[in-house]
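A structural walkthrough
Chain by chain, the residues run as shown.
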Amino acid sequence: MTGQTITTDLDSGVMTLTLNRPDRMNAFTRVMMEEMLAALDAADADDDVRAVIVTGAGRGFCAGVDLDDDNAFTAARVDPAATDPDVWDDAGNRDMGGILALRLFNCLKPVIAAVNGPAVGIGATMQLPMDIRIASETARFGFVFARRGIVPEAASSWFLPRLVGMSQALEWCYSGRVFDADEARAGGLVRSVHAPGDLLEAANSIAREIADNTAPVSIALTRQMMWRMAGADHPMQAHRIDSRAIAARSSSGDAAEGVASFLEKRPPAFSDRVSRDMPGFYPWWQEPGWSAGGDK
């Protein structure tokens, strides 16, 4: 898949999605959002895709929104003092980063960010719903919103404190400063830091570990269980889902194959596919709507 702003490549079960506007440091536009959504839809629908790597072309990951895009932040044009709920419930208020973040949240395949250079604004927040983040030594991060007169977007007020803790999240967002890959690692934002030439190899190594050794349906369930339970208010909610998932997977052919391959000391050959073999209780949640009432 080659679009105006991204490219994708599938190799042995690993899709690499590359933000491809190197002349603009891969600055984010509405077209990029739409093309990323389409690529994620394609990845989820394709059983041959076992993991997704997101990276940037050239020397940047994503330098934030393209300020030449008239709808760079949102299509909305509102009176900030309006008190009519319908003004704020208008779907035109939805920020592009949030639409992308929620799509990433709902992914069925693991997503790995390979941050090859500057990642500022939406370049930083789009990574938060991805599962594993690694960075090049040349990467820079910045939650610069307050310095631009706006606020964090892309549902990052939900994701960022859960990843790095409230104090660290607030310090980075309050200051709006740009920081290096070592600070990102120390703060828990990225897993590891690599020489630029080693970054994609490291990302592929992580993806291959998943693709070569694990059951696709188990991975899809695990991803949704972990992310959705991050907001649960009692461990009983996790117990309910864990128990259903264990019952379903223990009764599957994949479970028998997992045990047999372990005992026989051979690679597993899991046959269940995400496209057809998700358990009957999935999905176990009702997706909330956009409006305050939840019905839009």
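Preceding block: the structure.
A few points on the structure. (Residues numbered from 1 in each chain as written. Predicted model: local features only at pLDDT ≥ 70, side-chain atom pairs only at ≥ 80, totals over all residues. Heavy atoms only, no water.)

Omega for the peptide link from Y282 to P283 comes to -5 degrees, which places this bond in the cis form. Its location among the elements puts P283 in the segment after α12 (274-277). Of note in the backbone geometry, A154 takes a positive phi value of approximately 55 degrees without being a glycine. Relative to the helices and strands, A154 is located in the loop between β7 (140-142) and α5 (156-164). Classification of A154 by relative accessible area gives buried; the value is 1%. Positive phi values are uncommon outside glycine, yet A155 reaches one of about 55 degrees. (Helix = DSSP H or I, 4+ residues; strand = E, 2+ residues; numbered from the N terminus. Buried < 20%, exposed > 50% of the residue type's maximum accessible area, 1.4 Å probe, protein only.)

Taken as a whole, α5 has its buried residues at S156, F159, L160, P161 and V164. For α5, the secondary structure elements touched by its buried residues are α3 (96-105), α4 (122-125), α6 (166-175) and α9 (216-229). (Contact = heavy atoms within 4.5 Å.)

The subject of this paragraph is the pairing of strand β4 (residues 111-115). Of all five residues in β4, five are buried, a share of seventy percent or more. What you see with β4 is no split at all: V111, A113 and V115 on one side and I112 and A114 on the other are buried throughout. Bridge count between strand β3 (residues 51-56) and β4: three bridges; the pairing is parallel. Bridge pairing links I53 to I112 in β4. Two elements, β4 and strand β6 (residues 132-136), share four bridges in a ladder whose sense is parallel. Bridging from a neighbouring strand, A113 pairs with R133 of β6. (Pairing = 2+ DSSP bridges.)

A separate point is the pattern of salt bridges. Under the defined criterion, the tally for this structure stands at 15 salt bridges. Two residues, R223 and D131, come together in a salt bridge whose shortest N-O distance is 2.8 Å. With R223 in helix α9 and D131 in the loop between α4 and β6, the pair connects residues that are 92 residues apart, well separated along the chain. By relative accessible area, which is 6% here, R223 ends up buried. Between D277 and R276 there is a salt bridge, with the nearest N and O atoms lying 3.0 Å from each other. Judged by relative accessible area, which is 24%, D277 ranks as partly exposed. (Salt bridge = Lys/Arg side-chain N within 4 Å of Asp/Glu carboxyl O.)

Scanning the entire structure with this criterion turns up 13 aromatic pairs. Taking the centre distance of 5.8 Å and the plane angle of 80 degrees together, the rings of F105 and W158 count as edge-to-face. Of this pair, F105 sits in helix α3 while W158 sits in helix α5, and the two are 53 residues apart along the sequence. Taken together, a centroid distance of 4.3 Å and an interplanar angle of 10 degrees make the contact between W172 and F179 stacked. Each of the two residues, W172 as well as F179, counts as buried. (Phe/Tyr/Trp six-rings, centres within 6.5 Å; stacked < 30°, edge-to-face > 60°.)

On to the sheet that holds strand β5 (residues 118-120), then. If you trace the three strands from one edge of the open sheet to the other, you get β5-β7-β8, paired in mixed fashion. Lying at the two open borders of the sheet, with one neighbouring strand each, are β5 and β8 (178-180). Averaged over all adjacent pairs, the angle separating strand axes in this sheet is 20 degrees, with direction ignored. Examined bridge by bridge, β7 and β8 share three bridges and lie antiparallel to one another. Counted as the bridge partner of F141 is F179 from β8. (Axes fitted to C-alpha atoms, helices over the stretch in contact; angles between N-to-C directions.)

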